[in-house]
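# Fold and geometry: a report
If you want the building blocks of each chain, they are given just below.
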Amino acid sequence: MKELLTYIVQNLVDNPDGVSVTEREAGGETVFEVRVADGDMGKVIGRQGRIVKEIRILMRAVAQRKGKRVSVEIMDD
């Protein structure tokens with residue numbers, strides 16, 4: 001699932017090399033933390049958060065098929 005999320009985000013941004021996705025467990029669910037280059041934050045979030053919302057929906061659907069729970073967080077460093 002981490003590979004899928006990385007692929008999606010890298011294809012949205014101008015600087016795919018600046019994308020990093022880390023995975024951690026928290027309270028029985030997997031949390032994916034996405035970091036992108038400074039200028040690409042808006043491309044991942046989208047207008048009114050629409051793109052990140054769709055990414056979260058897609059990742060939850062994939063996880064549900066595998067019997068897991070996930071969440072996606074966009075990290076602002």
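It should be noted that the structure appears before, not after, this text.
Below: a short report on this structure. Because the structure is a prediction, the values reported are computed rather than measured. (Residues numbered from 1 in each chain as written. Predicted model: local features only at pLDDT ≥ 70, side-chain atom pairs only at ≥ 80, totals over all residues. Heavy atoms only, no water.)

## Observations concerning unusual backbone geometry
Let me state the cut-off plainly: The helix and strand labels rest on DSSP assignments: H or I over at least four residues marks a helix, E over at least two residues marks a strand, and numbering proceeds from the N terminus.
Even without a glycine there, the phi angle at Gln48 is positive, about 55°. Its place among the elements puts Gln48 in the loop between helix 2 (41-45) and helix 3 (50-65).

## Examining the side chain of Glu29
Going by this rule: We call two residues in contact when some of their heavy atoms are within 4.5 Å.
Along the chain, Glu29 turns up in strand 2 (residues 29-35). Among residues more than four places away in sequence, those in contact with Glu29 are Arg24, Arg69, Val70 and Ser71.

## Description of the nonpolar core
Convention followed: By nonpolar core we mean a set of buried residues, namely Ala, Val, Leu, Ile, Met, Phe, Trp, Tyr and Cys, connected to one another through side-chain atoms within 4.5 Å. For every residue, the accessible area obtained with a 1.4 Å probe (protein chains only) is divided by the maximum for its type, and the residue is called buried under 20%, exposed over 50%, and partly exposed between those limits.
Core analysis: the biggest nonpolar cluster contains 19 residues, and Leu5, Val9, Phe32, Val34, Val36, Met59 and Ile74 have the highest contact counts within it. Per-element tally for this core: the top contributor is helix 3, with four residues. The contact partners of Met59, leaving out residues within four places of it in the chain, are Met1, Leu4, Leu5, Phe32, Val70 and Val72.

## Some points on the sheet that holds strand 3 (residues 70-74)
The condition that has to hold: Here, strands pair whenever DSSP counts at least two bridges between them. Axis geometry follows a simple rule: fit a line to the C-alpha atoms, using only the stretch in contact for helices, then measure angles between N-to-C directions, giving values from 0 to 180 degrees.
Spatially, 1-2-3 is the arrangement adopted by the three strands of the open sheet, whose pairing is mixed. Here the strands that pair on one side only, and so sit at the sheet edges, are strand 1 (20-26) and strand 3. For this sheet the average axis-to-axis angle between neighbouring strands, irrespective of direction, equals 25°. Bridge count for strand 2 against strand 3 is five bridges, and the pairing is parallel. Residue Phe32 lies in a different strand from strand 3, and its bridge partner there is Val72. Contacts from helix 3 reach strand 2 and strand 3 within the one sheet, and its direction differs from that of strand 3 by about 155°.

## Some details on the pairing of strand 1
Bridging between strand 1 and strand 2 involves seven bridges; their strand directions are antiparallel. By the bridge assignment for strand 2, Ala26 is matched with Glu29.

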